[in-house]
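# Coordinates in review
Single-letter residue listing:
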Amino acid sequence: MSADMLHIDVGAYALGLLEEPDRRAFEAHLSACMPCHEELGALRGLARTLDGIGPIAEPADALPVPPEPAVVSDLMRHRIGRRRRHRAARALAAAAAGVVLLGGALGAGFTLGADRDAQARPAAGQDDGTAALLRDGRRTSATDAGTGVTGTVAVQRKAWGSRIGMELGKVRGPLECELVAVDERGGAHTVAGWAVPAKGYGLPGSPQPRLALQGGTALRPEEISRFEVRTIGEGRTLLTVPA
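Keep in mind the model is a prediction, meaning the values are calculated, not measured.

The rules behind each value
- Residues numbered from 1 in each chain as written.
- Predicted model: local features only at pLDDT ≥ 70, side-chain atom pairs only at ≥ 80, totals over all residues.
- Heavy atoms only, no water.
- Helix = DSSP H or I, 4+ residues; strand = E, 2+ residues; numbered from the N terminus.
- Polar contact = N/O pair within 3.5 Å; in protein donor to acceptor, adjacent residues only side chain to side chain.
- Core = buried A, V, L, I, M, F, W, Y, C linked by side-chain atoms within 4.5 Å.
- Buried < 20%, exposed > 50% of the residue type's maximum accessible area, 1.4 Å probe, protein only.
- Contact = heavy atoms within 4.5 Å.
- Pairing = 2+ DSSP bridges.
- Axes fitted to C-alpha atoms, helices over the stretch in contact; angles between N-to-C directions.
- Salt bridge = Lys/Arg side-chain N within 4 Å of Asp/Glu carboxyl O.
- pLDDT = per-residue confidence, 0-100.

## A look at the side chain of threonine 217
As for its position among the elements, threonine 217 is in strand S6 (residues 211-217). From its side chain, threonine 217 meets the backbone nitrogen of leucine 219 in a polar contact 3.3 Å long.

## Let's talk about the nonpolar core
One finds Met166, Leu168, Leu179, Trp194, Phe227 and Val229 to be the most contacted residues of the largest nonpolar core, which totals 25 residues. Elements with a contribution of two residues or more to this core: strand S2 (150-158), strand S3 (161-169), strand S4 (175-183), strand S5 (188-196), S6, strand S7 (224-231) and strand S8 (237-242). Examining the composition of this core, we find that four residues originate from one element, S5, more than from any other. Setting aside residues up to four positions removed in sequence, valine 229 forms contacts with Met166, Leu168, Cys177, Glu178, Leu179, Trp194, Arg236, Thr237, Leu238 and Leu239.

## Some points on the sheet that holds S8
With antiparallel pairing, the four strands of this open sheet are ordered in space as S5-S4-S7-S8. Each edge of the open sheet carries a strand with a single partner, namely S5 and S8. Each adjacent strand pair in this sheet contributes to an overall mean axis angle of 15°, direction not counted. When S7 meets S8, the two strands line up antiparallel, connected through five bridges. In the strand pairing of S8, phenylalanine 227 is matched with valine 241.

## Observations regarding the environment of glutamate 223
Counting through the fold element by element, glutamate 223 comes out in the loop between S6 and S7. Residues glutamate 223 and aspartate 183, spaced 40 residues apart in sequence, show a C-alpha to C-alpha distance of 5.7 Å. For glutamate 223, the contacting residues outside a window of four places in its chain are Val182, Asp183 and Glu184. For glutamate 223, the side chain forms a polar contact with the side chain of arginine 220, separated by 2.8 Å.

## Topic: the sheet that holds S2
Strand order in the open sheet formed by four strands is S1-S2-S3-S6, and the pairing between neighbours is antiparallel. Looking at the sheet topology across the chains shown, the edges are occupied by strand S1 (138-143) and S6. Mean inter-strand twist for the sheet, computed between neighbouring axes without regard to direction, equals 20°. Across six bridges, S1 lies against S2 in antiparallel orientation. Its bridge partner lying in S2, arginine 138 is registered against valine 155.

## Considerations on the pattern of salt bridges
By the definition in use, this model includes seven salt bridges. For arginine 157, the salt bridge is made with glutamate 222, and the minimal N-O distance between the two is 2.6 Å. Remark: glutamate 222 occurs in the loop between S6 and S7 and arginine 157 occurs in strand S2; sequence separation between them is 65 residues. Accessibility expressed as a relative area gives 41% for glutamate 222, which makes it partly exposed. In this structure, the salt-bridge partner of arginine 220 is glutamate 223, at a minimum N-O distance of 2.8 Å. Given the relative accessible area of 25%, glutamate 223 is considered partly exposed. Sharing partners across several salt bridges, the network here consists of Arg157, Arg220, Glu222 and Glu223.

## Some remarks on unusual backbone geometry
Following glycine 173, the chain continues into proline 174 via a peptide bond in cis, with omega recorded as -5°. Counting through the fold element by element, proline 174 comes out in the loop between S3 and S4. One non-glycine residue with positive phi stands out, namely lysine 170, at about 55°. Topologically, lysine 170 is positioned in the loop between S3 and S4. Looking at lysine 170, the relative accessible area reads 47%, which means it is partly exposed.

## Digging into the confidence of the model for the chain
The predicted coordinates ought not to be read in detail in places where the model reports low pLDDT. Across the chain, the average pLDDT comes to 75, with 58% of residues at or above 70. Segment residues 92-126 is flagged for pLDDT under 50; beyond a separation of four residues in sequence, or across chains, it makes 12 contacts in the model.

Below you can see the structure in the form of structure tokens.
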């Protein structure tokens, strides 16, 4: 406790309001501070007078009598000082707690971040861009009666041509496939290529219900007559989707 803070505790000490640590600190200060010693002598007489007065019944409509200004001033300064000390203690405690929490966060942050990344990672290559394209683009769907493969293609016009998204299901692997856009003259323009795992997509035991991907072509939407999913090498058509 600073010397300035001890000076304001005279009234509280005279009335016996100081807690034990503050009382001991004030008494140590009092032995070397003549102004506080003289002020305490004046206030002790008032304190003894107050101690000797019992409860006095007052009329219900009586106005409260204010205490001595000097006592009020001392008590207010003491209360303000106490509040400042308490705020400082709370600030130190909060800072210490913050260090502990930060240490825990640093210890767990990488694990939590990895978990969030794993949960946010899209299944079978589908990301937010592909999902939005499949939702907002011009969609057409088809199912091949012979292979059982099902698929949906979404087209979005771009300045450079067409952005194309595709969902594919019920396809067996292992295969290497490609999606091609066929123009009005029968020319094939590769949009995307991928490998189908042995367990395929959308079949019993498959790791994913469907494959979702996106690609693009320089063809404008009106120049595309159909889309085909073909096997690479064999050139077998697994699915045809009208544009």
